[in-house]
Amino acid sequence: MIRTLSATAAALLLAACSQPDATEPAAAPETPAATPPAAPAPNALTAGGYGPLVIGMTRAEVVTALGDDSDPNSAGSAEPEVCDQWRPARAPEGVLVMIQDGVLTRISVSSPSTLKTDRGFGVGDTAAAIKAAYGPLAVAQPHKYSAPPAEDIFVWATGGPATAGAFVQDAAARGVRYEINGEGRVQIVHVGGPDIQLVEGCS
């Protein structure tokens, strides 16, 4: 009888030890890691270029990357040997390169192109969305020829103006200009150096 009671007591003690402590707090659930921002598309427009084109390339390097002028009989400026704009043969429709003194200084994108900047904006997007996304980095200036809501929105990655409206002359500066039409939407996107500020092609 004593052995039976001892065995029963031992069994009860073992069972009690195996139960979880009611006062022990439950383990906190693991916090999921923050999702990193999506990487820009390989062919996104950036202040430094687009796809295989990098601002600062020579004309010969641009031709090697995407082909020669798709319409060599059409003059891109009055002095093409000094400054010229043209679409490389293998570039999408709506893409123009600007070559100043033999160097790529600007890339411009207009309809029917669907290319986007690294922030996801392109032809047809609203000025309001661009300003909301960039915040204080977006500097709006009146459009030279059209009344509001037409305007130019500049976002300088490097070498931006020290004062609003100042013309950037630093050749190393890089930025994006969203040219906004009278409907408040992007008409052209320019990326590159100080030449993104030019409003009449090469001038």
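Right, let's walk through the structure included here.

## Observations concerning the overall build of the protein chain
Now for step 1: If you tally the helices and strands in the protein chain, you get 3 helices and 10 strands.
Now for step 2: Listing the helices and strands of the protein chain from first to last along the sequence gives α-β-β-β-α-β-β-β-α-β-β-β-β.
Now for step 3: Put simply, the protein chain has 203 residues, and 35% of those count as buried.
Now for step 4: Within the protein chain, counting contacts between residues at least 6 apart in sequence, those at least 24 apart form 47% of the total.
Now for step 5: Carbon and sulfur atoms form 59% of the exposed surface of the protein chain, whose accessible area is close to 11,900 Å².

## Thoughts on the sheet that holds strand E9 (residues 174-180)
Now for step 1: Overall, antiparallel pairing links the 7 strands, which are arranged E4-E5-E6-E10-E9-E8-E7 in an open sheet. At either end of the open sheet lies a strand with only one pairing partner, and these are strand E4 (83-86) and strand E7 (139-142). Here the average twist between neighbouring strands, direction ignored, is 20°.
Now for step 2: Pairing geometry for E7 and strand E8 (residues 151-158), over 4 bridges, is antiparallel. When the bridges of E8 are listed, Pro142 appears paired with Glu151.

## Structural notes on the environment of Val139
Now for step 1: Secondary-structure assignment places Val139 in strand E7.
Now for step 2: A residue is classified by how much of its surface remains accessible, and Val139, at 28% relative accessible area, is partly exposed.
Now for step 3: With 38 residues separating them in the primary sequence, Val139 and Arg177 have C-alpha atoms 9.4 Å apart.
Now for step 4: Discounting chain neighbours no more than four positions away, the residues touching Val139 are Asp152, Ile153 and Phe154.

## With respect to the pattern of salt bridges
Now for step 1: Across all of its chains, the model carries 6 salt bridges by this definition.
Now for step 2: Residue Arg87 is joined to Glu93 by a salt bridge in which the shortest nitrogen-to-oxygen separation is 3.5 Å.
Now for step 3: Ionic pairing is found between Arg177 and Asp152, a salt bridge with its closest N-O pair at 3.1 Å. Of this pair, Arg177 sits in strand E9 while Asp152 sits in strand E8, and the two are 25 residues apart along the sequence. Summarising the burial analysis for this pair, Arg177 and Asp152 share the class buried.
Now for step 4: Sharing partners across several salt bridges, the network here consists of Asp152, Arg177 and Glu179.

About the criteria used
Residues numbered from 1 in each chain as written. Predicted model: local features only at pLDDT ≥ 70, side-chain atom pairs only at ≥ 80, totals over all residues. Heavy atoms only, no water. Helix = DSSP H or I, 4+ residues; strand = E, 2+ residues; numbered from the N terminus. Buried < 20%, exposed > 50% of the residue type's maximum accessible area, 1.4 Å probe, protein only. Contact = heavy atoms within 4.5 Å. Areas by Shrake-Rupley, 256 points an atom, 1.4 Å probe, with all protein chains shown as cover. Pairing = 2+ DSSP bridges. Axes fitted to C-alpha atoms, helices over the stretch in contact; angles between N-to-C directions. Salt bridge = Lys/Arg side-chain N within 4 Å of Asp/Glu carboxyl O.

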